[in-house]
Amino acid sequence: MTPLIAGNWKMNGLLASARTLAETIAAKVAGATRAIPEVALCPPAALVHAVGQVIEQQAKGGQTVALGAQDCHPKEKGAHTGDTSAWLLKDMGCRYVIVGHSERRADHGETDATVQSKAAAAHAAGLIPIVCVGETEAERDRGETEAVIARQVAGSLPAAATAANTVIAYEPVWAIGTGRTPTVPEIAAVHTQIRALFAQRHGAADGLRILYGGSVKGSNAAEVLAAKGVNGALVGGASLDPVDFWRIIEACPMSPGGAP
Ligand code: PGA
């Protein structure tokens, strides 16, 4: 499977800076002289269209960047002020949509059931949801990581999830934006657990991409991305710096610790 490095820009960037950042990344990806992972950019909803246009303009041969978004509504359309449907994201050229990010679970009270309905909408619209799961620091300290992951994976994935139509991101909440990361064996253990849970409920999981997210940067990417069962990364802060983001892309092994 081809690994995936996805940049989650969160609520950062204005029109001009987003265009410049996307242009820089798209040009580097198109000019890559050796095989690199798939690269996706997930700008804020209001910038998705502009970033999509930049990606399209840069697509003159060479590898192209995939477009993604950070959230979608479970419904196709209707009276949901301020929300964005998966169908609109698809129409704007998206391939991916992040759902269930811990910041949305915390800021907007999203439950596993909400996340599941959003992932199902993504599937119905022809998008690949990047479904996020991860324990808080208190849960890890209480030894509940395995139970939390099991509950979130079971509750957040739609029944129709397959290795081809879904990506899972393991993002320990305490590692997001903090500069702290779990150890490589801790990451590998959770990825192995997620793959086994997926196989039980959804069938073949060998081709399932399970990303690690939380304080991935150029300086730790090689170590984290080589962990067993890690098939790429969901990158927040470091994805806003094209030099560091590129270091992460280059550090990603093309046959990552991958197999179950
Ligand atoms: P971070 O964020 O890389 O800034 O820790 C990751 C994420 O929240 O997706």
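See the structure shown above.
Computed from a predicted model, the values in this text were never measured in an experiment. (Residues numbered from 1 in each chain as written. Predicted model: local features only at pLDDT ≥ 70, side-chain atom pairs only at ≥ 80, totals over all residues. Heavy atoms only, no water.)

A. Just the environment of Pro 44, in detail. Structurally, the position occupied by Pro 44 is in the loop between β2 (38–42) and α2 (48–58). When its relative accessible area of 16% is taken as the criterion, Pro 44 is described as buried. C-alpha of Pro 44 to C-alpha of Ala 6: the two residues are 38 residues apart in sequence and 14 Å apart in space. (Helix = DSSP H or I, 4+ residues; strand = E, 2+ residues; numbered from the N terminus. Buried < 20%, exposed > 50% of the residue type's maximum accessible area, 1.4 Å probe, protein only.)

B. Summary view of the site of the ligand. Around the ligand sit 13 residues, and of these Lys 10, His 101, Glu 171, Gly 177 and Ser 215 come closest. Here an oxygen atom of the ligand sits 3.5 Å away from a polar atom, N or O, in the side chain of Asn 8. Contact distances for the ligand include 2.8 Å between an oxygen atom and a backbone N or O atom of Gly 236. (Near = heavy atom within 4 Å. Polar contact = N/O pair within 3.5 Å; in protein donor to acceptor, adjacent residues only side chain to side chain.)

C. Inspection of the nonpolar core at higher detail. Residues Ile 5 and Ile 194 are the most contacted members of the largest nonpolar core, which totals 64 residues. In terms of residue count, the dominant contributor to this core is helix α1 (residues 15–30) (six residues). If sequence neighbours within four positions are ignored, Ile 5 has contacts with Pro 37, Glu 38, Val 39, Ala 40, Leu 225, Gly 232, Ala 233, Val 235, Phe 245, Ile 248, Ile 249 and Cys 252. Membership of the second largest hydrophobic core comes to 14 residues, among which are Ala 40, Tyr 96, Ala 169 and Leu 211. (Core = buried A, V, L, I, M, F, W, Y, C linked by side-chain atoms within 4.5 Å. Contact = heavy atoms within 4.5 Å.)

D. Representation of the packing of aromatic side chains in the model. Under the definition given, this model contains one aromatic pair. Aromatic pair Tyr 170 and Tyr 212: ring centres 6.2 Å apart, planes at 65°, arrangement edge-to-face. A residue pair is termed long-range when its members are at least 10 positions apart, and Tyr 170 in strand β6 (residues 167–170) and Tyr 212 in strand β7 (residues 209–213) qualify at 42 residues. Note on accessibility: Tyr 170 and Tyr 212 belong to one class, buried. (Phe/Tyr/Trp six-rings, centres within 6.5 Å; stacked < 30°, edge-to-face > 60°.)

E. Expanded view of helix α5 (residues 112–125). Taking 1.5 Å of rise per residue, the 14 residues of α5 would be expected to cover 20 Å, and the 20 Å separating its terminal C-alpha atoms lies within 8% of that figure. Looking at α5, one finds that the buried residues are Asp 112, Val 115, Lys 118, Ala 119, Ala 121, Ala 122, His 123 and Ala 125. Among the structural elements, α3 (86–91), β4 (94–99), α4 (102–107), β5 (128–133) and α7 (145–156) are those in contact with the buried residues of α5. A positive phi of about 90° marks Gly 126, the residue just after α5. (Expected span 1.5 Å × (residues − 1).)

F. Spatial organisation of the pairing of strand β1 (residues 4–8). The buried count for β1 comes to five of five residues, which makes it a mostly enclosed element. Residues Leu 4, Ala 6 and Asn 8 line one face of β1 and the alternating positions Ile 5 and Gly 7 line the opposite face, and both faces are buried. Two elements, β1 and β2, share five bridges in a ladder whose sense is parallel. Pairing of Leu 4 across the sheet is with Glu 38, part of β2. The pairing of β1 with strand β8 (residues 232–235) spans four bridges and is parallel. (Pairing = 2+ DSSP bridges.)

G. Expanded view of the pairing of β8. Covered by surrounding structure in β8 are Gly 232 and Leu 234 together with Ala 233 and Val 235, the residues of both alternating faces. Regarding topology, helix α9 (residues 218–225) serves as the crossover connection from β7 to the parallel β8, and that connection is right-handed. (Right-handed = clockwise from strand over helix to strand, strands pointing away.)

None of this, on its own, says anything about what the molecule does.
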